[in-house]
Structures are given as structure tokens and as C-alpha cells.
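Each chain is listed here by its residues.
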Amino acid sequence: DNCDRCDLGWYSSDCSKQVELLNVAENKRTYSSTYKNSKPGKKYARSMIDSFESWKPKKSRKQSIVLNLDEKREIFGVRIQGRTRVREYVRKFKVEISDEKPNRKNNFSKSIKVDNDKEYGTFNFSSSDIRNDKYIDVYFDKPVCATYLKLIPRSFYKKVALRVAPLISENKCI
């Protein structure tokens, strides 16, 4: 078993903890708002990694996206991309997790702020990065277990625009 690619410091060369991308389906994502009231999976209500468009909210402040992982999963971090073809992207964000479904305003009744409410960033995507659909993998200080993952943009370049997916292990949390 070749463990050369198991480079996460938490688990040394334990390949059972290898990280993989879980590109959650559009129908498992909820948005606090969408530009032009786009319906899930249409226009500005698309946020899967490498999707044709990105999530773009009506306004840029106090917005969020929630991903439903269907079951409790071990999450190591997230992969993010900006908007395709246009240089708009999230520069900084915070993360919350929960095992309870969010309410209609995309808020949890009980949640945990990941890494003590840490603000992840600062990211810069060049025009070339946008054209080439570059992504950035952001790792948490330590893995977390949850069914729902919420990203809260805190700063952005031009407008909030985001494509995102969790980085998980193939192991399920107990």
C-alpha cells in the first residue's frame, strides 16, 4: 500500500484517512438568497465544484450556503472556487457545522463554530485562475464530524461568488 500521498499531519501515513472531495449535489444545497431569485440548480444557484456558474446571493452581506452531506461525515476542510469566467470570489469565510437541518433562513438551532470561529482566507484568484477554474483546498485545524456544513462569506472580491465542496475521509463518524 503506497501512502506517499497521505500528507496530512494529523494521521501521518494512515491511508484509511485519505481525503476525498464530496461534491454535494445541487438539490442538497440551500442558500440564504440567490441573485435574481435563481432556483436551485439554475443560473446563480449553482455552487458545485466545476459547475458552469457559481452561487451569487442577492446582496453581499449576511449570506450563507449550507451543504447537506446526508449522513454524519468526517470533514477535513473545503475546496473553494470563484465564479467562472468573471473575476468574483470569496476572499474570507467562516464555517459552522450541525447535525440538525437549518431553518428557512439558513440558520441552525444548534451549531458549532469550526476552529473556534476562525476566519479562513485571504484568497486571491487572478484572471488566469478564473479562466482555468483554479480551486483552493482549505484545511481545518482539525477534522470535524457533521451532517450539515455552513459557509459564511466574510469578505470578497467585487461580489460574493462561490463554488464549494467538503474534503472528507471515506470513514463515517460515529
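Residues numbered from 1 in each chain as written. Predicted model: local features only at pLDDT ≥ 70, side-chain atom pairs only at ≥ 80, totals over all residues. Heavy atoms only, no water.

A. The arrangement of the overall build of the protein chain in detail. Helix and strand counts for the protein chain come out as one helix and eight strands. Reading the helices (α) and strands (β) of the protein chain from amino to carboxyl end gives β-β-β-β-β-β-α-β-β. Of all 174 residues assigned to the protein chain, the portion counted as buried reaches 48%. Considering only intrachain contacts with a sequence separation of at least 6, the fraction spanning at least 24 residues in the protein chain is 77%. (Helix = DSSP H or I, 4+ residues; strand = E, 2+ residues; numbered from the N terminus. Buried < 20%, exposed > 50% of the residue type's maximum accessible area, 1.4 Å probe, protein only. Contact = heavy atoms within 4.5 Å.)

B. Layout of the pattern of salt bridges. According to the stated counting rule, one finds 14 salt bridges in the structure shown. Between E53 and R85 there is a salt bridge, with its nearest N and O atoms 3.4 Å apart. Linking E53 in the loop between β2 (29–31) and β3 (65–81) with R85 in the loop between β3 and β4 (89–98), this pair joins segments that are 32 residues apart in sequence. By relative accessible area, R85 is classed as partly exposed at 48%. (Salt bridge = Lys/Arg side-chain N within 4 Å of Asp/Glu carboxyl O.)

C. The layout of surface pockets, seen in detail. Considered as a void within the structure, the largest pocket measures approximately 310 Å³ in volume. In terms of lining residues, the largest pocket is bounded by 16 residues, among which R61, K62, Q63, S64 and I152 are the most central. (1 Å grid on protein atoms, 1.4 Å probe; cavity = no way out; pocket = protein on both sides within 12 Å on 5 of 7 lines; lining within 4 Å. Points joined across faces, edges and corners; volume = space filled by probe spheres on them.)

D. Broad picture of the pairing of strand β8 (residues 163–172). For β8, the buried fraction is high: seven of the 10 residues fall into the buried class. Relative to β8, strand β1 (residues 19–21) runs antiparallel, the two being bridged by three bridges. By the bridge assignment for β8, E20 is matched with I168. Here β3 runs beside β8; their pairing, made up of seven bridges, is antiparallel. Considered in β8, the bridge of I80 is made with V164. (Pairing = 2+ DSSP bridges.)

E. Structural context of the nonpolar core. Core analysis: the largest hydrophobic core is formed by 31 residues, its most contacted members being V78, F93, F140, L149 and L151. Those elements that place two or more of their residues in this core are β3, β4, β7 (136–157) and β8. Sort the elements by how many residues they give to this core and β7 lands first, with seven residues. If we skip the residues at most four places from it in the chain, F93 touches V78, I80, K118, E119, Y120, F123, V138, L151, I152, P153 and R154. (Core = buried A, V, L, I, M, F, W, Y, C linked by side-chain atoms within 4.5 Å.)

F. Inspection of the environment of V19 at higher detail. Along the polypeptide, V19 turns up in strand β1. Accessibility expressed as a relative area gives 18% for V19, which makes it buried. Measuring from C-alpha to C-alpha, the distance between V19 and E170 comes to 7.3 Å, with 151 residues separating the pair along the chain.

G. Up close: the packing of aromatic side chains. On inspection of all chains with the given rule, the structure shows seven aromatic pairs. Ring geometry for F108 versus Y148: centroids 6.3 Å apart, planes at 55 degrees, classification tilted. Taken together, the positions of F108 in the loop between β4 and β5 (112–113) and Y148 in strand β7 put the pair 40 residues apart, joining distant regions of the chain. Judged by relative accessible area, Y148 falls into the buried class, the value being 11%. Ring pairing ties together the aromatic residues Y89, F125 and Y157, which thus form one cluster. The cationic tip of K56 hangs over the ring face of Y35; the distance from NZ or CZ to the ring centre is 4.9 Å. One residue, R79, lies across the ring of Y135, its end atom 3.8 Å from the ring centre. (Phe/Tyr/Trp six-rings, centres within 6.5 Å; stacked < 30°, edge-to-face > 60°. Lys NZ or Arg CZ within 6 Å of the ring centre and 35° of its normal.)

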